[in-house]
Amino acid sequence: MAKPAPAAAAGAREDEDAPALRRRLRRLVAAATAGAASESVFDEAAAALAALRDAEVGVGRKGGGGGGGAEAAAAAVPAQFLCPISSGIMRDPVVIESGQTYDRRSIQEWFSAGNQICPQTQQVLSHTILIPNHLVRTMISQWCTENGLTLPEIENQEEDHVTNSEEKTFDEIFVKITSSSSSGGRKQAIKDLRLLTKRNSEFRAVLGQRPDSIAQMILARSTPGLQNDPQVLEDMVTIILNFSIHDSNKKIIGDDSEAIQFLIWALKSGDMGSRSNSAAAIFTLSALDSNKEKIGKLGAMDPLIDLLEHGSIIAKKDAASAIFNLCLLHENRSIAARSGIVDVAMRAIDDQSLVEESLAILALLSRNQEMVEIITEFNGTASMLRSIRESECKRSKENAMVVLFAICTYNRTKLKEVEADESVNGSLALLAQTGTQRARRKASGILEKMKRTMHNRHCSC
C-alpha cells in the first residue's frame, strides 16, 4: 500500500481542473502502456483517476446534473485506452515483448497471420508471449463505469467452437475425397473443401477434431486421375493454407508427418499458383518456432529462394515473407546464407523489383558478422547508401541503415566509402533528423564513428 504522503502528492493539486487531470492521466497511462512505468507511476495514475472522478462528479452537480458531462468524457476516449491495431477500446489489454500494449484479440490475429514484429515499433520479437496489463484494464474499466459504458467481460480466446453441422459437412466432403469412385467426384469435393475453408473461418476449427485429415487428403492425391492434375495440387495446397490461418491449427499441421514435406514438394514441382500458396502456407505456419525449425531442416529454403528470384510478383512477396519469418530462427539464417539468399536479395534491390522485402531480410541477417561479410562482398555498402538516398519508404531506409551500420561496425575500412558519399549527398545527416527512431539512432551512430575517425586522423598528423 502506498504511503499517505506520496499518494497525496501524487494526487490532484488544488489548482487542477478536470481537463488538466485528464492530460496528466493520459501521460501516466502512456508510460504504463509503453512498459516504462515504475510503482510510483501506478500510484500517481490511480490517485489522478480518483481525483478526476471527484472533479467530474463535482462539475456535474454544479451544472445541475444531466448526462452532458458523461457524454463529453465518453466522446474523448483517452488514446492510450484504444488498441493501436483495431482503434477500439481495449477489453483485454496485454503487453508484448516490445513493451507495447494491445488488445488481446487484435494482437493474436496479428501473430496468427505469421507476423513476428511489433506493429508499433517494428521490433522483431523473439517470442509472442502475451502478459495481461492489469493496470490499464483497471483504468479502462473505471473510466467506462464513470462514463456510463459497459466493458465486456474477457473472453476465452483459446476456445474453438465447432458445430455439429460443420463437423457433418466436413465428414461428408472428406468421404468423397477419400472414397469416391470417380476422379471427377474427388476433384469436386477437393474444390468444395477449398472454398469452405476460404469462406468460413469457423469451419477451419474442424481440423482440431480431425487432425489426421491433411495426411489422408495428401494420400488421396496418389489415386489415378488426381496425381498429375495441377489444379488438384493447387487446391490441396490452398486447403492447407486456409487451415493454417486458424491459430490452433498451426501446431496440428506442423506435427503432421506429411503436410510440411508436401508443401515443400509443391514449392519445387507445382505451377506458379501452387508454389505461391505453398510459400504463403509456410509463412503462416512459421509463426511457431517449432515449425520454423522443422521447415528449415526439411529443406524449404532452397525452393523459397528460387521462388523469390524467379516467381511472379505475388509469389516473390509470399516467398520473401516466408524467408523472413524462417530467418527469425538463428539456425535458419545459416541455411539461407548457404542457399544464396544474400546474392538474390542484393540483385532484387539493384533491380528495384522487391526492395522493401529484400532489405528487411538483409537487416535481419545483419545481426551476424558472417552474414555482414557476405553482404559486403556483394557491394553492400554502395547498395545500402543508394537505398537510403532513393527509397521513398521510411521502413526501407531504416533497414538499409541497419545493414550499413553493421557493415561499418564489422569493417571499419568501409567508413571511408560512407564518408565520401556523405560529403556529397548528406544522406545520413538528413536521416538522423527525419528517419524513424531506429534509423535516426543508427545514422547518428555512423556519423559519430566518422567524427571520431576524423579526430584520430587530425591527432596523428
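Right, let's walk through the structure included here. Here the structure is a predicted model, which means the values were calculated and not measured. (Residues numbered from 1 in each chain as written. Predicted model: local features only at pLDDT ≥ 70, side-chain atom pairs only at ≥ 80, totals over all residues. Heavy atoms only, no water.)

The next point concerns the overall build of the chain. Check the secondary structure of the chain and you find 25 helices and 3 strands. In the chain, which comprises 461 residues, the share counted as buried stands at 46%. A sequence separation of at least 24 residues applies to 66% of the contacts in the chain between residues at least 6 apart. Counting every atom, the chain has about 22300 Å² of accessible surface; 51% of that belongs to carbon and sulfur. (Helix = DSSP H or I, 4+ residues; strand = E, 2+ residues; numbered from the N terminus. Buried < 20%, exposed > 50% of the residue type's maximum accessible area, 1.4 Å probe, protein only. Contact = heavy atoms within 4.5 Å. Areas by Shrake-Rupley, 256 points an atom, 1.4 Å probe, with all protein chains shown as cover.)

What follows is about the sheet that holds strand β2 (residues 101-103). Taken in spatial order, the 3 strands of this open sheet run β2-β1-β3, and their pairing is antiparallel. What marks the edges here is a single partner per strand, and that holds for β2 and β3 (131-132). Direction of pairing for strand β1 (residues 93-95) relative to β2: antiparallel, over a ladder of 3 bridges. By the bridge assignment, valine 94 is partnered in β2 with tyrosine 102. Where helix α5 (residues 104-112) meets the sheet, it contacts β1, β2 and β3, and its direction lies at approximately 95 degrees from that of β2. (Pairing = 2+ DSSP bridges. Axes fitted to C-alpha atoms, helices over the stretch in contact; angles between N-to-C directions.)

By secondary structure assignment, the location of alanine 439 is in helix α25 (residues 437-460). The class of alanine 439 is buried, set by a relative accessible area of 1%. Considering only alpha carbons, one finds alanine 439 and valine 402, 37 residues apart in sequence, at a separation of 7.1 Å.

Phi angles above zero are rare outside glycine, and serine 87 is one such case at about 65 degrees. Here serine 87 is to be found in the loop between α4 (68-75) and β1. By relative accessible area, which is 55% here, serine 87 ends up exposed. A positive phi angle is found at glutamine 352, which is not glycine, with a value near 60 degrees. Along the chain, the position of glutamine 352 falls in the loop between α18 (341-350) and α19 (355-365).

These figures come from the coordinates and say nothing about function on their own.
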